[in-house]
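These are the residues of each chain, in order.
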Amino acid sequence: MKFIVIGITDNPEPFFTPEIMEIIKNGKVFSGGKRHHEIVAPFLPADAQWIDITVPLDAVFEQYQLSTINGQWSTILVFASGDPLFFGFANTIQRKMPEAEMVVYPTFNSLQTLAHRLLLPYHDMRIVSLTGRPWQEFDRALIERTQKIGVLTDKEHTPTTIAQRMLDYGFTQYQVNVGEHLGNPAKEKVKTLSLEETAHSEFTQPNCVILSTLNAKLSTKPFGVPDSSFALLDGREKMITKMPIRLLTLQALDLSKRKTLWDIGFCTGSISIEARLQFPHLHIEAFEIRPECEAIIQENMRRLGVPGINIHIGDFRSVCCHAMTTSKTPPDAVFIGGHGGKLKEIMTKVMTVLAPDGCIVMNSVTPQSRQMWEEACHDLGLTQEPSLHITLNDYNPITILKCRR
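Residues numbered from 1 in each chain as written. Predicted model: local features only at pLDDT ≥ 70, side-chain atom pairs only at ≥ 80, totals over all residues. Heavy atoms only, no water.

> Please set out the packing of aromatic side chains residue by residue, giving values where relevant.
Summed over the entire model, instances satisfying the criterion amount to twelve aromatic pairs. Ring centres of F61 and F89 lie 5.8 Å apart, and the angle between their planes is 25 degrees; on these two criteria the pair is classed as stacked. One end of the pair, F61, is in helix α3 (residues 57-66); the other, F89, is in helix α4 (residues 89-96), with 28 residues separating them in the sequence. A network of ring pairs unites the aromatic residues F16, F30, F43, W50 and F79 as a single cluster. The aromatic ring of Y169 is capped on one face by R302, whose charged end is 5.3 Å from the ring centroid. (Phe/Tyr/Trp six-rings, centres within 6.5 Å; stacked < 30°, edge-to-face > 60°. Helix = DSSP H or I, 4+ residues; strand = E, 2+ residues; numbered from the N terminus. Lys NZ or Arg CZ within 6 Å of the ring centre and 35° of its normal.)

The structure is reproduced here in structure tokens:
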């Protein structure tokens, strides 16, 4: 099967080169979104067959498979927005039908067009797509102090919600450039606003966003958050893992090469927050049995500019771990910050989903917790790595424990 994918803008009167006009003239089977159909309908042959691109996409590709002429697969002409290889439908074709032949005729994508309207150099712009995607990569770009971010939006991740999220987590040094209906002379709008103005405005779809700091200086990302920066549980200083211990714990978890961290018994969230700051590529799931800790970790996330930690309140032993790994990678790093005397039960449950190369780390303060760890590792057939025994100032000695399958 062969696909010819043609990029178009939102212009209701598109221009096509003579080469593309000839391809359209000789085409039989065409495809695209409803908006694309409205734009290109005047150019299609009278006997053209049109296949709407709608979800679920599997049904669309089934129609492609059934599109034959005289027993031979048709060449399908697909109209797509902008550059079809830029988070576009050509990527989907490659993923779903890797053996198909494909030719692409791109035009400017929406972020390129917006940059041109603004006369803004974009060679150093980091691209994030929020179209049907979670906040993960956008949050990562903010945490990594990216100075220029191009964002593809959708009906949920709008310029308004993007600006509000940035304000909630203290990323206030940016200005917002919004392009609406780019390429459509009658509807196109380009606006440059503050975050506050954007958060209180409404925008029409389709649109895209370029965030830029201009000459504003972004705050530096700390290597080790001071303990005094955290809100505490009942003001109890001993209920937080101290900064040097946190950093040694992250080292033991070997997070630079991990994908998903589970923090069980997060309390104030210091381990999750430090991990997200130092390794913003991580997916982090944080668990805590005490309901009052939810407000504390949320306060600390906002105070320290760390969005994107998923919070779960309740007894970890009642969590459906397999359901949590359905759409995400399984945990390949687990930190147990609290276990309430149920360490073996918790570790047993973790082992049902832990990635083959995953590890578990725990900080032990008492001989009793160390003994529970030893027994659990023995009973579950886990291999222990050499422990690290450390005393910090006047606090009780702590042993950093680590095991793997």
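Don't stop here, the text continues.
> Give me the nonpolar core: which residues, what numbers.
If you look at the biggest cluster of nonpolar residues, it comprises 54 residues, and the most contacted ones within it are F138, M166, L211, L253 and I273. With five residues, helix α11 (residues 292-304) is the single largest residue contributor to this core. With 24 residues, the next largest nonpolar core counts W262, M351, M362 and C403 among its residues. (Core = buried A, V, L, I, M, F, W, Y, C linked by side-chain atoms within 4.5 Å. Buried < 20%, exposed > 50% of the residue type's maximum accessible area, 1.4 Å probe, protein only.)

> Talk me through helix α10 (residues 270-278); I want residue IDs and the actual numbers.
For α10, the buried fraction is high: nine of the nine residues fall into the buried class. When we look at burial in α10, the residues that qualify are S270, I271, S272, I273, E274, A275, R276, L277 and Q278.

> I'd like to hear about the sheet that holds strand β10 (residues 175-180), residue by residue, with values.
Overall, mixed pairing links the five strands, which are arranged β8-β9-β12-β10-β11 in an open sheet. Both outer strands of the open sheet, β8 (126-129) and β11 (189-194), are each paired with one neighbouring strand and no more. Neighbouring strand axes in the sheet, compared pairwise and without regard to direction, differ in orientation by 20 degrees on average. Of the strand pairs in this sheet, β10 and β11 are connected by six bridges, and their pairing is antiparallel. Paired with V178 across the two strands is K191, which belongs to β11. On top of the sheet, helix α6 (residues 136-143) reaches β8, β9 (148-152) and β12 (207-212); it is set at about 150 degrees to β8, its chief contact. (Pairing = 2+ DSSP bridges. Axes fitted to C-alpha atoms, helices over the stretch in contact; angles between N-to-C directions. Contact = heavy atoms within 4.5 Å.)

> Residues and numbers for unusual backbone geometry, please.
Glycine aside, negative phi is the norm for most residues, and most peptide bonds take the trans geometry. The amide bond that connects V55 to the next residue, P56, takes the cis arrangement and shows omega of 0 degrees. Of note, P56 is situated in the loop between β3 (49-52) and α3. For the bond running from Q205 to P206, omega is 0 degrees, close enough to zero to count as cis. Within the secondary structure, P206 is located in the loop between α8 (195-199) and β12. With phi around 50 degrees, H181 is a residue other than glycine that occupies positive phi space. Summarising the element assignment, H181 is placed in the loop between β10 and β11. One non-glycine residue, D254, lies in the positive phi region at around 55 degrees. With respect to the secondary-structure elements, D254 resides in the loop between α9 (243-253) and β13 (260-264).

> Summarise the side chain of E180; cite the residues concerned and give the values.
Inspection of the secondary structure assignment puts E180 in strand β10. Among the polar contacts made by the side chain of E180, one reaches the main-chain amide nitrogen of T204 at a distance of 2.7 Å. Contacts of E180, omitting those with residues within four sequence positions, involve K187, E188, K189, K191, F203, T204, P206 and N207. (Polar contact = N/O pair within 3.5 Å; in protein donor to acceptor, adjacent residues only side chain to side chain.)

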